[in-house]
Structures are given as C-alpha cells and as structure tokens.
Protein chains: 2
Amino acid sequence: MHLKINSQTLAEALKKVERVVNVKHQTPILQGIYLEATEQELILIGSDSTESFRFHVPVDGENLEIFEPGKTVLPKQVSDISKKMKKDVELKLTGFKLSLKSGKTEFDLNTFDPEEFPKLPAFELEKPSVTLKGTDFNEFIKKTAFAASDSEVRPLLTGVCLDLNSEGLHLVCTDSHRLGKVKTDITNENSLKLVIPAKALDRLGKTFDLQEELHLYCESDNQLIFRSGALIFYCRLLEGNYPDTSRLIPTEFKSEMKINRKEFLNAMDLVKELANAADNGKGGVVKLHVNGAATISSHTAQAGKGTVVVDYESLEGEDDYTISFSAKYMLDALKAIDDDFVNFKFQGAMRPFLLTPSESKYEELQLILPVRTM
Amino acid sequence: MHLKINSQTLAEALKKVERVVNVKHQTPILQGIYLEATEQELILIGSDSTESFRFHVPVDGENLEIFEPGKTVLPKQVSDISKKMKKDVELKLTGFKLSLKSGKTEFDLNTFDPEEFPKLPAFELEKPSVTLKGTDFNEFIKKTAFAASDSEVRPLLTGVCLDLNSEGLHLVCTDSHRLGKVKTDITNENSLKLVIPAKALDRLGKTFDLQEELHLYCESDNQLIFRSGALIFYCRLLEGNYPDTSRLIPTEFKSEMKINRKEFLNAMDLVKELANAADNGKGGVVKLHVNGAATISSHTAQAGKGTVVVDYESLEGEDDYTISFSAKYMLDALKAIDDDFVNFKFQGAMRPFLLTPSESKYEELQLILPVRTM
C-alpha cells in the first residue's frame, strides 16, 4: 500500500469511523482502524465487534492519490497524529511497518494484520429495504430512544421497536416505567419489525449528516445496516418479541389540561433541585396538584419545600387532583415534545398519564407511570 | 433577615464565592454559603476551611434592597435555584427557615446556624502589604505554578515561593524535576517571603477579574489575603523554609540554541503521541538530537518510531548532542513562555537544561532535569 492524502481529509475520515472504536478493547486489533486502498478509493472501517462504521474517500487526484493498493489496520495513534499534521501525508506499508511522512515529520508505526480484522457482511447497495429522510428519522429517535432502559436485565427494553408496514411507520420505546411513541404515515412495500439498540441509534444521530437521505438495509435477522452518502453503519439487532405496548396506552381520561410547555419545563427544572437533593441526584419525585392552576411541588425533610405555580391554558374534566412522578421522566418527556403547548392527560392518581403535543404532524405521545407517595 | 435582590445579581455573587465550596464537605455547614445582610450591603462567604471567598453586594435601591438585617447559611440548592430564576427574588428568614419567593415560585428551605460558620480573620482594608497589577500577577503565576508538585510527600513543593524585597519580586516553583522562575523589578517597602499553595493560585486566577488591581494582605504567618474590587480570597500559607533553588540553576552552557517556539511545540505535540502510548498517558520520554537542526524523536517497541525535524534559528557552541526528557515537562515549559523564539541552553546530556524566552520584559526561565535513557 502506498498513497498520499490530505491530512485534513484523513483526519475527518478517521473521525467518522472511530466513534465505535474502543482504544482499550480487549481484542487489540479492534483498537485500530482498518484501511484499504483500491484503485478507486480508500476504505476505512472502525468496529467494536457489535457495531461498525465504514467510510470511503474516492480518488480525486487532489485530496487522495493511490500509488499502490493494499490494506492494513492502523494503530490508534494515527488518528491523533493525522489531526495534528498540516500538510499532505504519505502512507507507505512495508510488511507490517507503516511509514507516515509529512514534510520533516516521519513516523514508522507497527500495524496489525488486516486479515485478522472482522469481515463486514456484504449487502446490495442498490436495494435498500427502506429509505427515510434523515431529519425525520432523527426526530423520531429523539422522541423515543431516551425512554430505553439502561439495564441489561431485560435486553429487549434497551432497544427501540421499529415497526414498518402498509399502515405506517411506528416507533415505540419503553423501560417499563415510561414510554415514548411515534406513529407516522410513512409506508413501505416491505414490512419490517426490528428492535434496534437505543445506544446505536444515539451513535447514528451523532455521526451521520442527517440532512441527507438515510437508507436502511435489513437482510438478516440480527443485523441492520444504515447508509447515508459515503458513510455506512452496521449494528446488531436485539432478538425476541418486543412487548405489546398498545394495551398499556390509555384512551379515556378523567381530565385533559393544555399547558405552556416551556413554562411547565422551567417550573419542573426549578423544583427538581429540591427533589434531587433528597435523592442523591438520581431523579427525585415531584408532586403535581391541579386546581384552577398547575402547582408543582417537592418536599423533603432535609432541604425543605419548593412550590411553583403555572397557569394552565385550558382544562376539560376534573379540576382537582394530585399526582406524583419522577422529575427526570417528566423533564425528558417535556424535552422530547417540540410544540409550544402540551396536553397533560390524567386518568387517576395511580394510573399512567400521557403527554402529547397540542399540535403535531404525526401521532406522538409520552406515557409516564406515577409514583406512589401515600 | 429580609431582602429583595435581582436573581442575576444573586446568582453572580454566589458563583464568585462557591468555587471553594465542596457540596460533599464532611462538615455540613461548609456545604452552604454564609449570607449576611447589613444596612449597607449583602456579604457572601464560601469556605472549605482552608480557603475562603468573601464577596459583597452594596445596597443600591435597584438590584438590592435590604428591609431587615440578619444572617444565615444558605443550603447549596439556593445557588442552582437562583440561577434558574428570572425575576427579583425575595429572601426572608424566620428562625432557621428561609423563604425564597419570586413570582409564582416559592421555596421554604432549611438553613444552617450562622453562628457555627467559621469566622474569617479581620484585616485592615486600607493597608495592603503589596499591590500588584492583576494581569502581571496572573502572568507570573502561569509561568511558575504549573511546576508545583501534586504529591503531599514534601508539602512545601506543592507551593509557589514568592519573595519580595528591595531587589525585586521573585517567584519560584519546583517539584524537584523541573522549575519555573520569574524575577521582576517590582519592589516594595515591606519585605515578604511566602509559600502559597499552587492550587490556591490557580483558583485565584480563575475567580478574580484580573484586569483590576490586586491587593495582598499578609498579617499572620499562616494566612494570605487577596483582594480585588468587592472580592476577597483568604488562603493558608505553607509553613517551612522553601529550598534554596538559586544554586540549582546553571549559568554556563556548552551550547545555546535559538528555535521557533511554536514549531518546537507542534513537533513535541506530534511526537508525544507515541511517547504517551508507551507510558499509559503519563507523559512519556522523548529524545532531542541537535546536529545542524533539532530532531525530536520517540521510539517504543509497541507502537514504533516517530521523528520530527525542526530547523533552529541559530546556535552557539556544541552542535552535536543528544538529550532525553519528559514530553509533558517540555510541553508545559514551552506553553509557559510567551515569546516567538526560545533559547534552549544545554550543559550536558545528564545535566539540567534551561528554556528562556528570546526576549522578555523581565527575567524568566524554565529548568528541566533530563531523563537517563542509556
């Protein structure tokens, strides 16, 4: 392998694929980045064995010239070094020694055997299972993935369930204490039902340029491939039947309150300072009392009491009730909604309640289980 | 105590004094912030028992009105709460209960007994021992304090020695492997010789507005007081005789090389990536070979070899030598110097070497002990 590349181009390409690379991975070769030069392009792969990024830079005679094809696995230092170089970098592989030259700088680095790097599954680039607008998909993720469980006790609950059929595109995510759901009228000829790890979706959102189209390829039961432009992301799927959440979601309510989302959020944010104090920063419980207005309060023996009153916009049904819930869950849900106003849908102090945007392009809801305080 | 204060004014005042406050301090009252309202001003004190900040806000009829004097120790939540409030805040103390009201928000917080808060030593505001330009003092700190030791084995070496007499102002700091020194012609009628903890100086630099004048008050052997505008900082002094470093600093050299500081720094920064790899990020050793140019290199069995050549500007004396040193110490020293060019002063492969700016308003040097590699 022998090539010359603009150091900026190399640094940016490495940055795209290194997000999954763990420099302390127990398999040393996965601490490195796979690099393959063909006549037409330079391919980079970073992997942590369950998730992988693949990126390619085309030969354009300006930023990249390839003199001799070949492949290697770069040690982690190349990424830090190339970020600090200012000119073109010449890479030349001799056996397992990689020489990196730029001006008066020269590195001779030990590399890994590229044959030992895990192979990525092949797929047909031309035939995605689904194509979505990146911005749409990102929005759907933001409204659901945060509700996933952190605990591996029930692995399926660490994922987001994506259900695409002739009726529409559904995303649901729950950790069994709260649930986020989106239902849009995007349809597709192929039906798909997948559970995607929430952490992988988070990584996807941070790495992809979501202004572009996002292609999903699903050719095996345990792997999903995302592609956008020159970047490809491989992630494993969670196996098993995602719990049927439809029966958990109430449809009849005792009371529906429309309230300014920002004011409600600010009030929660203030009161949670006290709730947190009682709970070592793990979330804390706050109380909502509705009676002519919404009064949010928290009371702990240690710190004292805090109360914020927020006027509601309108209310239908019962106007005198009290319900307690996790401050963190409420804040997460309020942040996931984009609208100026939210509807707070109450069906009893010990029954789950809903938050929905007052207006939305598609169906969207946040469900939270109350906390028993009495 | 009963007062009304602009929430922004309160939040900023709390921010100034809370830098020393440890919310997990084993003495609970030191987790809080002391607040005293007099007819003229509001006084705030944050302390961790060895260091304290004191700030005052004058009554101006606009941002602060005091209806009834009094004192209390605020729990830590007040700081977070006041940052999030948007209007004026009314504080009223009844017994040990503090009520905090702003619009439709109300907090009733438990407070500490102000009589239990440690008293600060009194001092005469009008008679500082020394007055310095804040920007000057900050510059002197940046050129010395980083060289302090992290280890409490020799407590004096965690400090910066400040020596002020009729000959000038001297600052020296060493961890016994490297040393930073500044000597200016600032003189003073009072002689002072103090060892100030480097961490306290760091805190000072981050909290004070160093555009203003800085007054130092030294009325006891174990305490130093800094004042700038409305902010006062109390810190303990390190006791004992700071080692005499003057005999450590060489005055004759075999070779003096003038080199571009930025280029040398960038080269070190590149090569240290390899040196770090060998040393688990703890610094790493690099080698400098001078012969017609400066060649910086690092070689480790695990990662490989890196070499950067930097042309020097001029050289007097021996032009063929090799010396090894800590990459971290070298980077710290190069960053502490402000000039475009540095002079590298060599007196033998196993003898300490000096770095000095090519031009400087005052005497300034960085000394580093080499590392034995052969």
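Residues numbered from 1 in each chain as written. Chains lettered and ligands numbered in written order. Predicted model: local features only at pLDDT ≥ 70, side-chain atom pairs only at ≥ 80, totals over all residues. Heavy atoms only, no water.

In the nomenclature of an unreviewed UniProt entry, chain A corresponds to Beta sliding clamp from the organism Neobacillus notoginsengisoli. Heading Subunit (unreviewed entry) of the UniProt record for chain A holds this comment: "Forms a ring-shaped head-to-tail homodimer around DNA." UniProt, in the comment section headed Sequence similarities (unreviewed entry), describes chain A in these words: "Belongs to the beta sliding clamp family." (UniProt positions renumbered as here; feature names shortened; annotations may be inferred.)

## Here we look at the packing of helix α1 (residues 7–17) of chain A against helix α2 (residues 77–84) of chain A
Residues and elements named next belong to chain A. Between α1 and α2, the shortest axis-to-axis distance is 8 Å and the interhelical angle comes to 140 degrees. Here α1 lies oblique to α2, going by the angle between them. The handedness of the crossing between α1 and α2 is left-handed. Across from S7, L10, A11 and L14 in α1, the residues of α2 making contact are V78, S79, S82 and K83. For the contact of α1 with α2, the per-class residue count stands at four nonpolar, three polar and one charged. (Axes fitted to C-alpha atoms, helices over the stretch in contact; angles between N-to-C directions. Helix = DSSP H or I, 4+ residues; strand = E, 2+ residues; numbered from the N terminus. Parallel < 35°, antiparallel > 145°, perpendicular 65-115°, else oblique. Left-handed = near helix turned anticlockwise from the far one by under 90°. Contact = heavy atoms within 4.5 Å. Nonpolar A, V, L, I, M, F, W, Y, C, P; charged D, E, K, R; others polar.)

## Some remarks on the pattern of salt bridges
All names here are of chain A. Tallying each qualifying case throughout the model produces 30 salt bridges over all chains. One salt bridge connects K143 with D338, and the closest N-O pair in it is separated by 3.9 Å. You can see K143 sitting in the loop between α3 (134–142) and β11 (159–165) and its partner D338 sitting in the loop between α6 (327–336) and β24 (341–346), a full 195 residues away along the chain. Owing to a relative accessible area of 2%, K143 belongs among the buried residues under this scheme. A relative accessible area of 57% means that D338 is categorised as exposed. (Salt bridge = Lys/Arg side-chain N within 4 Å of Asp/Glu carboxyl O. Buried < 20%, exposed > 50% of the residue type's maximum accessible area, 1.4 Å probe, protein only.)

## Quick look at the interface of chain A and chain B
Counting residues at the interface gives 32 residues for chain A and 32 residues for chain B. Here chain A meets chain B over a buried area of about 2600 Å², counting both sides, of which 49% is carbon and sulfur. Its largest share of buried area at the contact with chain B, chain A owes to K84, K104 and L270 of chain A, together 24% of the area lost on that side. Seen at the junction of chain A and chain B, the total is six salt bridges. The salt bridge partner of E273 of chain A is K84 of chain B, with a shortest N-O separation of 2.4 Å. (Buried area = accessible area lost by both parts, 1.4 Å probe.)

## With respect to a negative patch on the surface
Judged by side-chain charge, D60, E62, E65 and D88 of chain A come together as a negatively charged surface patch. Looking at the element boundaries, D88 of chain A is found in strand β7 (residues 88–94). (Patch = residues over 30% accessible without salt bridge, like charges linked within 9 Å, V, L, I, M, F, W, Y side chains within 5 Å. Areas by Shrake-Rupley, 256 points an atom, 1.4 Å probe, with all protein chains shown as cover. Lys, Arg positive; Asp, Glu negative; His and termini not counted. Charge placed at Lys NZ, Arg CZ, Asp CG, Glu CD.)

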